[in-house]
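As a plain string of letters, each chain reads:
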Amino acid sequence: GAGVSQSPRYKVAKRGQDVALRCDPISGHVSLFWYQQALGQGPEFLTYFQNEAQLDKSGLPSDRFFAERPEGSVSTLKIQRTQQEDSAVYLCASSAAGSRATDTQYFGPGTRLTVL
Amino acid sequence: EDQVTQSPEALRLQEGESSSLNCSYTVSGLRGLFWYRQDPGKGPEFLFTLYSAGEEKEKERLKATLTKKESFLHITAPKPEDSATYLCAVQASRRGANSKLTFGKGITLSVRP
């Protein structure tokens, strides 16, 4: 079946522009995660949804970052007034289970954001 | 705070030369330890989940093991196509924790023909 998809795959923004990154999880997956991966580093947690509820946003670096999943499927990560330090790969992952279950997270290909 | 440390940072092997990758972790209650493979320009690809000390899992040339403080990914007779970055991550079971993963920095493996 189809895996997690993300769009766009690459995004170049001028400093100060707003960007929106989209994630289509595996159909039926309850949990959705966003991670940020800097060059040469492991992914770092940003935020977590269970269905449409955002249960944890403790990893969002600033109030310029906002995520939503209004219908419990597709999610959008929005970054306002982008800064150069926002340049990274943004990964989306989904899993079948709710928060108390151990379950495999399947990752999308990521969106590489470059802020000039 | 959950922490994951992977070593070495990079490893270069000759084809057929077996070796092990290390993942040391601290977590207040381990729900699961995960190994992923990541190729350049792609997202992490799931390999294994380990849940308790003493557990082992195998897949082709890879075997993952778990103790109370660390995990090893053993690569037997590697081939050039095993070249990738290998990521280790932990998931906590403490009250209030969600299913988020805490990753190490990864180990970049290069296998020369």
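Data block above holds the structure.
Let me sum up the structure you'll find in this document. For clarity, every value in this text was computed on a predicted model and none was experimentally measured.

Turning to the environment of Q37(A), a few remarks are in order. Within the fold, Q37(A) resides in strand β4 (residues 31–37). C-alpha separation for the pair Q37(A) and P109(A), spaced 72 residues apart in sequence, amounts to 12 Å. Discounting chain neighbours no more than four positions away, the residues touching Q37(A) are G42(A), P43(A), A88(A), V89(A), L91(A) and Q38(B). In this structure the side chain of Q37(A) is engaged in a polar contact, spanning 3.0 Å, whose partner is the side chain of Q38(B).

By the definition in use, this model includes two disulfides over all chains. Between the sulfur of C23(A) and that of C92(A) lies a disulfide, 1.9 Å long from S to S. Negative torsions about the S-S bond denote left-handed disulfides, and the value of about -65° found for C23(A) with C92(A) makes this one left-handed. Placement of the pair is C23(A) in strand β3 (residues 19–24) and C92(A) in strand β9 (residues 88–95), with a sequence separation of 69 residues. Accessibility expressed as a relative area gives 0% for C23(A), which makes it buried. The residue that forms a disulfide with C23(B) is C88(B), at a sulfur-sulfur distance of 2.0 Å. Linking C23(B) and C88(B), the disulfide has an S-S dihedral of approximately -65° and is accordingly described as left-handed.

A few words now on the pairing of β3(A). All names here are of chain A. Residues V19, L21 and C23 point to one face of β3 and are all buried, whereas A20, R22 and D24, pointing to the other face, are not buried. Looking at chain direction, strand β1 (residues 5–7) and β3 are connected through three bridges and run antiparallel. The partner of Q6 across the bridge, within β3, is C23. With five bridges connecting them, β3 and strand β8 (residues 75–79) associate as antiparallel partners. By the bridge assignment, C23 is partnered in β8 with S75.

The next subject is the nonpolar core. Residue and element names in this part refer to chain B. Within the largest apolar cluster, 25 residues are counted, with the highest numbers of intra-cluster contacts made by L21, L33, W35, L73 and Y86. Elements represented by at least two residues in this core include exactly β2 (10–14), β3 (19–26), β4 (30–38), β5 (45–50), β7 (62–66), β8 (70–75), β9 (84–92) and β11 (107–112). For this core, the leading source of residues is β9, giving five residues. Discounting chain neighbours no more than four positions away, the residues touching L21 are S7, L11, W35, S71, F72, L73, I75, Y86 and I107.

What counts, and at which threshold
- Residues numbered from 1 in each chain as written.
- Chains lettered and ligands numbered in written order.
- Predicted model: local features only at pLDDT ≥ 70, side-chain atom pairs only at ≥ 80, totals over all residues.
- Heavy atoms only, no water.
- Helix = DSSP H or I, 4+ residues; strand = E, 2+ residues; numbered from the N terminus.
- Contact = heavy atoms within 4.5 Å.
- Polar contact = N/O pair within 3.5 Å; in protein donor to acceptor, adjacent residues only side chain to side chain.
- Disulfide = S-S within 2.5 Å.
- Buried < 20%, exposed > 50% of the residue type's maximum accessible area, 1.4 Å probe, protein only.
- Pairing = 2+ DSSP bridges.
- Core = buried A, V, L, I, M, F, W, Y, C linked by side-chain atoms within 4.5 Å.

Distances and angles like these do not, on their own, reveal function.
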